[in-house]
2 protein chains.
Amino acid sequence: MSIRIGIFGYGNLGRGVEAAIRQNPDMELAAVFTRRAPETVKLRTEGVPVLHADDITSMTQKIDVMILCGGSATDLPVQTPALSKLFNVVDSFDTHAKIPEHFAAVDSAAKEGGKVALISAGWDPGMFSLNRAYAEAVLPNGSAYTFWGKGVSQGHSDAIRRIEGVIDAKQYTIPSDAALEAVRSGVCPQLSTRQKHTRECFVVAEEGADKAKIEREIVTMPNYFADYDTTVHFISLEELKRDHSGIPHGGFVIRSGKTGFDLENTHVIEYSLKLDSNPEFTSSVIVAYARAVARFSKEAKSGALTVLDVPPAYLSPKSGEELRKELL
Amino acid sequence: MSIRIGIFGYGNLGRGVEAAIRQNPDMELAAVFTRRAPETVKLRTEGVPVLHADDITSMTQKIDVMILCGGSATDLPVQTPALSKLFNVVDSFDTHAKIPEHFAAVDSAAKEGGKVALISAGWDPGMFSLNRAYAEAVLPNGSAYTFWGKGVSQGHSDAIRRIEGVIDAKQYTIPSDAALEAVRSGVCPQLSTRQKHTRECFVVAEEGADKAKIEREIVTMPNYFADYDTTVHFISLEELKRDHSGIPHGGFVIRSGKTGFDLENTHVIEYSLKLDSNPEFTSSVIVAYARAVARFSKEAKSGALTVLDVPPAYLSPKSGEELRKELL
């Protein structure tokens, strides 16, 4: 029997989940839930109902895993605990500093409901976390580095858009080649924030706006840009739409460490992602973890989990025999 | 209480395990077992007994996990099933085609003994297998490629040494840059054996040997060299010792895949290793999995496992709370 998936929230991430389900023949999309008027939401999959978020309790017997596609700032801290009392769930909560608190809230709700809730699936947190954990366990005497990009940072793009005189903007985070090479050489360098990444901004300004002032406001903005070398390009709205409408991202997790009695040997482990679409890749990770959640639920487990708690085999539709034969 | 480790077989791998244990404060080396005369084996760790392989039954209560450091050709197919009746074990069995059969033999023995046996730990099989499995689960619509090197292939070096007139030899497997770039571009190329890797041989010939004949025998050797572009360099024994005494290795697992309703987006996942010492890195992986085996054993599990069955968190000495806070 197929794993019946529900999607809660139909934005970029929800649409990515919808597309990802089509690549997994052991899954089917059972329903999409929205806080908008359901009749205004048009799915790309035929024959799947769109229901209002308030009608969710009617579907508890028809959904094996609910995938929560809201944002980490205000949606998921409320939705994941609430829904994990009723459904097995997966979310992509990505506010790193608040993960312990989110985990605790979801764990207690999921245990109350006898459900399995996997939080923080995606690529960071997610695939990058796995790689940080594996590499640290294998090379305890070493240092790990995470680099992000080249990719679009939604938060930084939004921050630029809030500046007076700005119509639209896109910000790219770019890892420094020199820093990457230093880390790959195995020397374990000390790197400042400024040395690790640069930021590049493409800005559409209103006609007659003071571009010098906008640029100054961007590059000196605390937390967002002040600690980085930032380049600002002013372009037309047409250029922005033509050249910067994608949502690419990616990054690197690199750990180098020493082994041997006299620590005479150096090893470098590198994991990298180059993604055309940040939300679609995140969705693909989430969907694989939905399979793991369905399996844990069949084993009568309950409570919160993260990617670090899941055996890799649980992500695959293949049997243990097939995996050992084909992939080991 | 520390995890008490036994080492069975004290060659390159056994010495690597001995060194790796020192980097893991929750472990201690309890004993080393050898088929040689124990008094001829000198450990680098003080105060640890060296016992004869025949005396192993006297130590069943003093060892939590036995690490088997023999070879895959003849040692492990016999030793892992035999010892997994008495001990929790980890091995690094790496004959890919025979893994299903080895797994079955070890599984039945370990279940008989109520022990946990993790087979095929290392980097391939091992870390590379994990990455093949994760990437396939996340990007089911795609293709995966494994490249090895640059590194020393022991089997190929041995094959050259068996040629008449050869004193010593070292063979490097080298991934083709062009093939790597094609795969990284996301086009999913069809690659022949010859296109993926080249082989470079450093050979010390006897004085007066027919070098042209040796070279011909190498490059035409079926299975080992005939399907590759192979370069042969004749060097002196001094040069071989000076420039080629290390055991470096490494490689790449790259998967690219498509997402989106119209498969319009391409993603590339790349995992790579650059290792100064192949046996020491393998040992480091094995030791991390020994920790997982000790945990499974405490949970009263028994039977055979592979890296695909182990939650990443089980490899770490850190608690779930620490992992979520520091690494997720």
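Cut-offs and rules
Residues numbered from 1 in each chain as written. Chains lettered and ligands numbered in written order. Predicted model: local features only at pLDDT ≥ 70, side-chain atom pairs only at ≥ 80, totals over all residues. Heavy atoms only, no water. Core = buried A, V, L, I, M, F, W, Y, C linked by side-chain atoms within 4.5 Å. Buried < 20%, exposed > 50% of the residue type's maximum accessible area, 1.4 Å probe, protein only. Contact = heavy atoms within 4.5 Å. Phe/Tyr/Trp six-rings, centres within 6.5 Å; stacked < 30°, edge-to-face > 60°. Helix = DSSP H or I, 4+ residues; strand = E, 2+ residues; numbered from the N terminus. Lys NZ or Arg CZ within 6 Å of the ring centre and 35° of its normal. 1 Å grid on protein atoms, 1.4 Å probe; cavity = no way out; pocket = protein on both sides within 12 Å on 5 of 7 lines; lining within 4 Å. Points joined across faces, edges and corners; volume = space filled by probe spheres on them. Salt bridge = Lys/Arg side-chain N within 4 Å of Asp/Glu carboxyl O. Buried area = accessible area lost by both parts, 1.4 Å probe. Polar contact = N/O pair within 3.5 Å; in protein donor to acceptor, adjacent residues only side chain to side chain. Nonpolar A, V, L, I, M, F, W, Y, C, P; charged D, E, K, R; others polar. Pairing = 2+ DSSP bridges. Right-handed = clockwise from strand over helix to strand, strands pointing away. Axes fitted to C-alpha atoms, helices over the stretch in contact; angles between N-to-C directions. Least-squares fit on C-alpha atoms with pLDDT ≥ 70 in both.

This part is about the nonpolar core. If you look at the biggest cluster of nonpolar residues, it comprises 161 residues, and the most contacted ones within it are A:F281, A:Y289, B:F281 and B:Y289. Setting aside chain neighbours within four positions, we find A:Y289 in contact with A:V90, A:L118, A:A121, A:L130, A:V307, A:V310, A:L315 and B:Y134.

What follows covers the packing of aromatic side chains. For the coordinates displayed, the defined rule picks out 11 aromatic pairs over all chains. Ring plane angle 65° and centroid distance 6.2 Å describe the contact between A:Y134 and B:Y134, whose orientation is recorded as edge-to-face. In this pair, A:Y134 is assigned in helix 4 (residues 127-138) and B:Y134 in helix 4 (residues 127-138), connecting two distinct chains. A residue is classified by how much of its surface remains accessible, and A:Y134, at 5% relative accessible area, is buried. Every member of this aromatic cluster is reached through a ring pair, and the members are A:W123, A:F128 and A:Y271. Directly above the ring of A:Y172 sits A:K150, whose terminal nitrogen or CZ lies 5.0 Å from the centroid. We note A:R324 situated over the ring of B:F103; from NZ or CZ to the ring centre the distance is 3.5 Å.

This next bit is on empty space enclosed by the protein. By the definition in use, this model includes 3 cavities of 30 Å³ or more. If you add up the space inside the largest cavity, you get close to 80 Å³. Considering the residues around the largest cavity, the lining is formed by 13 residues, among which A:T259, B:A19, B:A20, B:Q23 and B:S284 are closest to the centre. Where the lining of the largest cavity is concerned, the elements lending two or more residues are helix 4 of chain A together with helix 1 (12-21) and helix 10 (278-298) of chain B. Roughly 50 Å³ of internal volume is contained in the second largest cavity. Lining of the second largest cavity is provided by A:M127, A:L130, A:N131, A:Y134, A:Y271, B:M127, B:L130, B:N131, B:Y134 and B:Y271. Elements with a minimum of two residues in the lining of the second largest cavity: helix 4 of chain A together with helix 4 of chain B.

Residues and elements named next belong to chain A. Here the structure, examined in full by the defined rule, presents 34 salt bridges over all chains. In this structure, D158 and R161 form a salt bridge, with 2.5 Å as the shortest nitrogen-oxygen distance. Placement of the pair is D158 and R161 together in helix 5 (residues 154-161), with a separation of 3 residues, close to one helical turn. The exposure class of R161 is partly exposed, given its relative accessible area of 25%.

Right, let's get into the environment of A:H233. Residue and element names in this part refer to chain A. One can find H233 in strand 11 (residues 229-234). Sequence separation of H233 and K211 is 22 residues, and the distance between their C-alpha atoms is 9.9 Å. Contact partners of H233, with chain neighbours within four places excluded, come to E200, C201, F202 and V203.

This next bit is on the interface of chain B and chain A. Contact with chain B, which involves 71 residues of that partner, is made by 71 residues of chain A. In total, about 6100 Å² of surface goes out of reach between chain B and chain A, with carbon and sulfur atoms giving 60% of it. At the junction of chain B with chain A, the criterion picks out 4 salt bridges. With a shortest N-O distance of 3.6 Å, A:D262 and B:R44 are connected by a salt bridge. There are 31 residue pairs in polar contact (both at pLDDT 80 or more) connecting chain B and chain A. Contributing elements (two or more residues each) for the side of chain B that touches chain A: helix 1, helix 3 (99-113), helix 4, strand 12 (249-259), strand 13 (265-275), helix 10 and helix 11 (320-326) of chain B. Here the side of chain B that touches chain A takes 11 residues from strand 13 of chain B, the largest share from any one element. For the side of chain B that touches chain A, the class distribution of residues is 34 nonpolar, 19 polar and 18 charged. In this structure, strand 13 (residues 265-275) of chain A lies alongside strand 13 of chain B, joined through 9 bridges in antiparallel fashion.

What follows covers the pairing of strand 11 (residues 229-234) of chain B. Residues and elements named next belong to chain B. Relative to strand 11, strand 10 (residues 197-205) runs parallel, the two sharing 6 bridges. Residue E200 lies in a different strand from strand 11, and its bridge partner there is T231. Crossover strand 10 to strand 11 through helix 8 (residues 211-219) is right-handed.

So, about unusual backbone geometry. Each neighbour pair has its own omega, and for A:G149 with A:K150 the value is 0°, a cis peptide bond. For A:K150, the position within the fold is in the loop between strand 7 (142-148) and strand 8 (151-152). Cis rather than trans, the peptide bond between B:D124 and B:P125 has omega equal to 0°. Phi is positive for A:L263, which is not a glycine, with a value near 50°. By secondary structure assignment, the location of A:L263 is in the loop between strand 12 (249-259) and strand 13.

This part takes up the sheet that holds strand 13 of chain A. Here 6 strands make up an open sheet; going across it, the order is 7(A)-12(A)-13(A)-13(B)-12(B)-7(B) and the pairing antiparallel. Each edge of the sheet is formed by a strand with only one pairing partner; in this case those strands are strand 7 of chain A together with strand 7 (142-148) of chain B. Neighbouring strand axes in the sheet, compared pairwise and without regard to direction, differ in orientation by 5° on average. Running at roughly 5° to strand 12 of chain B, helix 4 of chain B makes contact with strand 13 of chain A together with strand 7, strand 12 and strand 13 of chain B of the sheet. In this fold helix 6 (residues 177-184) of chain B packs onto strand 13 of chain A together with strand 7, strand 12 and strand 13 of chain B, with an angle of close to 30° to the strand it touches most, strand 12 of chain B.

Next up on the list: the environment of B:I254. Position of B:I254 among the secondary structure elements: in strand 12. For B:I254, the contacting residues outside a window of four places in its chain are B:S143, B:A144, B:Y145, B:L180, B:V183, B:R184, B:V268, B:I269 and B:E270.

With that settled, the discussion passes to the relation of the copies chain B and chain A. Mapping chain B onto chain A calls for a rotation angle of 180° and an axial translation of 0.0 Å; the resulting RMSD is 0.1 Å. These values place the two chain copies in the arrangement generated by a two-fold rotation axis. A shared binding surface is used by both copies, with 100% of the interface residues of chain B retained as interface residues in chain A.

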